[in-house]
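Listed below, chain by chain, are the residues.
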Amino acid sequence: MSGTMRANCLRLLRNSSTSCSSSGHRYFASAPAVQVEPGSIDSVQLTQSAPMLVQLAERQWGASATLPLSILPGSSKSSRIGVIRDAFTPFNAREYPLHTTIASLGEGQAAVHSAAAFNPQGIVVDEYVQDKANGVYRLTNVATDLLRLLQRENIKVCAVPDVAAASKQNSAKAMQRGARQCTNEVLMIAPTAFGFNDQTAQDNSFMHASREGGSTDAGSDITQHVLREFSGLYRELTESAGIQVNLFQHTLSHGTPDAVFPNNWFSTHPASETGQKSAMVLYPMKTKNRAAERREDIIACIQQRGYSNMFDMSSSEASNKYLEGTGALVPDRINGIVYVNLSERADERLAQQWADQLGYKDVVTFRTFDKRSKAVYHTNVMLCVGTDVAIVCADGVKDDKERQRLLSSLGSHQTVVQITSDQMDALCGNVLELEDGKGLPILAMSTQAYNAFTEDQRKTMLKHVAAIHHAPIDTIEHVGGGGVRCSLAELF
């Protein structure tokens, strides 16, 4: 989120705060002469074992060695207290009011205002434990990051633009049902034998032949170049975003020039999504060298994660019917809706079989065309569905009824960011929501896509995710015809 937007969000929160009390007792040695009324605090208890989070009516200027029992709510029996304060707000500005910052959504679940959750400076908590001998609360930790504290206490968090209306947000509904749209773990395949794929170029208008024509030498310039791009993306995801990456490689003998795009040949689904048992799905691929990406060694590694069901659809290749994974299918895992851009690589009958097998309620189908009037080959280059935000090139759906149904379905659950055909060409639709190291949603995309979004579009996205992580993979996009989302196979 831009600095200006974050500042505006902070102002809105602070301006809604009530005025400070000027009577009572002064308990903090670091506080100025203004005093605090005993018991004049706002509080929230998220679990029986977690610290009671409190905010004193008078702003605090640091932690205190002790906190007297008399300052707490009369009915409080919590042995642990966390005093919330905003350590980076100017002295003459009001802090976040607690009731607009965080609220309980049930035992072990909390809604946190997105401006607070996503603010890199954040809100801190001074932690206290009660001395059983005299009832006084003694300081144990100074300025613990709020999100870190919630994570440590195993409290599930959803970030929302309006805490008071949190129950209406898709993210809150998902958390209460135990469902989730995104994961912190993915599988990636380093492009160690990358090349232009003549077999897939026939219906992928995003692909362009390289000057070298392809990778016929493991040390070729194009291979070295895409590996530098890929390693930059890998570092951005692992080191900056905190994503767990299961990394594999490939060689020329595999005969898989597009192996860097593993999301097309398999997908995984937790029991919370299917409503039954966890599942792994193998998909029918249109070309032989893409079908060869279904490597037994990788499948065996994935199966060790303990998926209860294996749904192998690859036999449909014999009938020339294809459904290329989460390239063809863009699932709304929370609401049981799957979006499918019908093409040579997305058969409608197979999509319905998939939905029936995994317990999905609705299959929304349509046909999309690029600005050259060519059919779009995969759904995930024109559509991204996140927990609370979706990105779509609706203009590419030429049939009015199909477009209307698509937008209506998305708008019922997500804030919709519409992109143009030019932005789709820049792979702005090829974006994936992931869960970062703090358990917060983020968006992963290429730098080309990031730069093609308008500032207003990025602001809208950043109301619903903690950050946008991007890396330049121009050669992979130009030659391979796929972007960052294509390179990420989610592991649930």
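Everything below is about the structure shown above.
Residues numbered from 1 in each chain as written. Predicted model: local features only at pLDDT ≥ 70, side-chain atom pairs only at ≥ 80, totals over all residues. Heavy atoms only, no water.

**Student:** Go over the overall build of the protein with me, naming the residues and quoting the values.
**Tutor:** In terms of regular secondary structure, the protein is built from 16 helices and 24 strands. Across the 492 residues that make up the protein, the buried fraction comes to 58%. If you take every contact in the protein between residues at least 6 apart in sequence, the share linking residues at least 24 apart comes to 73%. (Helix = DSSP H or I, 4+ residues; strand = E, 2+ residues; numbered from the N terminus. Buried < 20%, exposed > 50% of the residue type's maximum accessible area, 1.4 Å probe, protein only. Contact = heavy atoms within 4.5 Å.)

**Student:** Mind laying out the environment of Ile476, listing which residues take part and the relevant values?
**Tutor:** Following the sequence through the fold, Ile476 ends up in helix 16 (residues 474-480). Exposure remark for Ile476: the relative accessible area of 3% places this residue in the buried category. Spatially, the C-alpha atoms of Ile476 and Gly195 are 9.1 Å apart, while their sequence positions differ by 281 residues. Non-local contacts of Ile476, meaning those with residues more than four positions away in its chain, are made with Phe194, Val226, Glu229, Phe230, Val260, Phe261, Gly481 and Gly482.

**Student:** Give me the pairing of strand 2 (residues 52-56): which residues, what numbers.
**Tutor:** When you tally the buried positions in strand 2, you get five out of five residues, the bulk of the element. Both faces of strand 2 are covered, namely the face carrying Met52, Val54 and Leu56 and the face carrying Leu53 and Gln55. Where strand 1 (residues 41-44) and strand 2 come together, four bridges link them in antiparallel fashion. Residue pairing for strand 2: Ser43 is matched across the bridge by Val54. (Pairing = 2+ DSSP bridges.)

**Student:** Run through helix 12 (residues 400-411), naming residues and quoting values.
**Tutor:** The first and last C-alpha atoms of helix 12 sit 16 Å apart over 12 residues, in line with the 16 Å expected at 1.5 Å per residue. The set of residues buried in helix 12 consists of Leu406, Ser409 and Leu410. The buried residues of helix 12 occupy an angular sector of 95° when projected down its axis, which confines them to one face. Facing away from the buried surface of helix 12 by more than 90 degrees, the exposed residues are Asp400, Lys401 and Gln404. Those residues of helix 12 that are buried are in contact with strand 16 (337-341), strand 17 (362-366), strand 18 (383-385), strand 19 (389-392) and strand 20 (415-418). A distance of 3.1 Å separates the backbone nitrogen of Lys401 from a side-chain oxygen at the start of helix 12, and that oxygen is part of Asp399. (Expected span 1.5 Å × (residues − 1). Arc of directions from axis to C-beta. Polar contact = N/O pair within 3.5 Å; in protein donor to acceptor, adjacent residues only side chain to side chain.)

**Student:** Give me the environment of Ile102: which residues, what numbers.
**Tutor:** Secondary-structure assignment places Ile102 in strand 5 (residues 102-104). Sequence-wise, Ile102 and Ala117 are 15 residues apart; in three dimensions their C-alpha atoms are separated by 9.4 Å. Apart from the residues lying within four places of it in its own chain, the contact partners of Ile102 are Val44, Leu46, Leu53, Ala110, Ala111, Val112, Leu150 and Val163.

**Student:** Describe empty space enclosed by the protein, and please don't skip the residues or the numbers.
**Tutor:** Where empty space is left becomes clear once a probe the size of a water molecule has been rolled over the atoms. Applying the stated criterion to the full structure yields three cavities of 30 Å³ or more. Estimates place the volume of the largest cavity at around 120 Å³. Forming the boundary of the largest cavity are 15 residues, of which Val330, Val385, Leu432, Arg485 and Glu490 lie nearest the centre. Of all the elements in the fold, those that place two or more residues in the lining of the largest cavity are strand 15 (329-332), strand 18 and strand 21 (432-435). Grouping the amino acids of the lining of the largest cavity by side-chain chemistry returns eight nonpolar, three polar and four charged. (1 Å grid on protein atoms, 1.4 Å probe; cavity = no way out; pocket = protein on both sides within 12 Å on 5 of 7 lines; lining within 4 Å. Points joined across faces, edges and corners; volume = space filled by probe spheres on them. Nonpolar A, V, L, I, M, F, W, Y, C, P; charged D, E, K, R; others polar.)

**Student:** Describe the sheet that holds strand 18, naming the residues involved and giving the relevant values.
**Tutor:** Strand order in this open sheet of three strands is 18-19-20, and the pairing throughout is mixed. A single partner strand is all that each edge strand has here, and the edge strands are strand 18 and strand 20. Neighbour to neighbour, the strand axes of the sheet diverge by 15° on average, direction disregarded. Relative to strand 19, strand 18 runs antiparallel, the two being bridged by three bridges. Residue pairing across strands places Cys384 opposite Ile391, the latter belonging to strand 19. (Axes fitted to C-alpha atoms, helices over the stretch in contact; angles between N-to-C directions.)

**Student:** Lay out the pattern of salt bridges in plain terms, naming residues and giving numbers.
**Tutor:** Per the counting criterion, the structure on display carries 24 salt bridges. The salt bridge involving Glu324 is made with Arg345; its shortest N-O contact spans 3.2 Å. Here Glu324 is found in the loop between strand 14 (309-312) and helix 10 (325-328), whereas its partner Arg345 is found in the loop between strand 16 and helix 11 (348-358), with 21 residues between them in sequence. A salt bridge links Arg403 to Asp400, with the shortest nitrogen-to-oxygen separation between them at 2.6 Å. You can see Arg403 and its partner Asp400 sitting in helix 12, three residues apart, about one turn around the helix. Using a relative accessible area of 23% as the deciding quantity, one classes Arg403 as partly exposed. A residue is classified by how much of its surface remains accessible, and Asp400, at 53% relative accessible area, is exposed. Residues joined in a network through salt bridges with shared partners are Asp370, Lys371, Arg372, Asp422 and Asp425. (Salt bridge = Lys/Arg side-chain N within 4 Å of Asp/Glu carboxyl O.)

All quantities given are derived from atomic positions and should not be read as evidence of function.
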